[in-house]
Amino acid sequence: MIRVLVCDDHLIVRQGIKQILADAPDIALAGESGNGPDAVACVRAGGIDVVLLDIAMPQRDGLDVLKQLKAEFPRLPVLMLSTYPDRQYAVRSLKLGAAGYLNKSADSEQMIEAIRRVAGGRLFITPHVAEQLAAAVAPGQQSDKPLHERLSHREYQVYRLLSQGASVGEIATQLSLSPNTVSTYRARILEKTGVRNDVELALLAVRQADSLA
């Protein structure tokens, strides 16, 4: 029996996933959580074979949780879930140690297949994600990458929040950083993206989202 922890901040999503799991005879729900810290606590309590982890989690986002889980439980397979376009997060997730990446638009059969695959010690990668991964590691492709892919994980977190209109203080609180540290990340982001202010950064984020849709 594959024991699965479901981590998503939306109750209706968790309920839908639990129904999918209930229809699989070899898979059992081992627990559920609605935020990042609770997800880590559930794994630490034991009895988990696979983690289904949403990227957009409150308090600590899914990629932060993924990094901690892989540091503490390197053999635990973590299957990332997301509503974002594959190109935006799939490669980043795999590089951080995820066993697979599944878009929430996937059907129930694909989710069950993904859980079984990662529980068996294999990676779950869709053909589209495989193409993105190959492009990311191909020689000479760095200069062709979208700007957001050139940012570090923390820079990308700050980039997303800035583009959504969050202030430096709000970002500092949400990411548990000092305002000075956030300001430093902001300066690096502006330099790497070539924009001059937060308004241009928000416009850049819109263009990037359109190109990835």
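What you are looking at is a predicted structure, and each value in this text was computed from that prediction instead of being measured.

1. Description of the overall build of the protein chain
Part 1 of the reasoning: Looking only at helices and strands, the protein chain has ten helices and five strands in total.
Part 2 of the reasoning: Long-range contacts, defined here as pairs at least 24 residues apart, represent 63% of the contacts in the protein chain between residues at least 6 apart.
Part 3 of the reasoning: Carbon and sulfur atoms make up 52% of the accessible area of the protein chain, which totals about 10,400 Å².

2. Observations regarding the confidence of the model for the protein chain
Part 1 of the reasoning: Here the protein chain averages 84 in pLDDT, while 85% of its residues score no lower than 70.
Part 2 of the reasoning: When mean pLDDT is taken per element in the protein chain, strand E1 (residues 2–7) scores highest with 97 and helix H6 (residues 127–137) scores lowest with 64.

3. Observations concerning the sheet that holds strand E3 (residues 50–54)
Part 1 of the reasoning: Overall, parallel pairing links the five strands, which are arranged E2-E1-E3-E4-E5 in an open sheet. Here the strands that pair on one side only, and so sit at the sheet edges, are strand E2 (27–33) and strand E5 (100–103). Taking each pair of neighbouring strands and ignoring which way they run, the sheet shows an average axis angle of 25 degrees.
Part 2 of the reasoning: One ladder, built from four bridges, connects strand E4 (residues 78–82) with E5; its direction is parallel.

What counts and how
- Note that residues are indexed from 1 along each chain, following the sequence as it is written.
- The model is predicted, so local features are restricted to residues of pLDDT at least 70 and side-chain atom pairs to those at 80 or more, both for listing and for counting; the totals for chains, interfaces and linings are taken over all residues.
- Note that water and hydrogens are dropped before the side-chain values are worked out from all heavy atoms of the structure.
- Labels follow the DSSP assignment, with helices taken as runs of H or I lasting at least four residues and strands as runs of E lasting at least two, numbered in each case from the N terminus.
- Between two residues, a contact is recorded if the distance between any of their heavy atoms is within 4.5 Å.
- Only the protein chains shown count as covering a residue, and every accessible area follows the Shrake-Rupley method with a 1.4 Å probe.
- The pLDDT value tells you how sure the predictor is about a given residue, anywhere from 0 up to 100.
- By the convention used here, strands pair only if DSSP detects at least 2 bridges between them.
- Orientation is described by axes fitted as lines to C-alpha atoms, over the contacting stretch for helices, and by angles from 0 to 180 degrees between their N-to-C directions.

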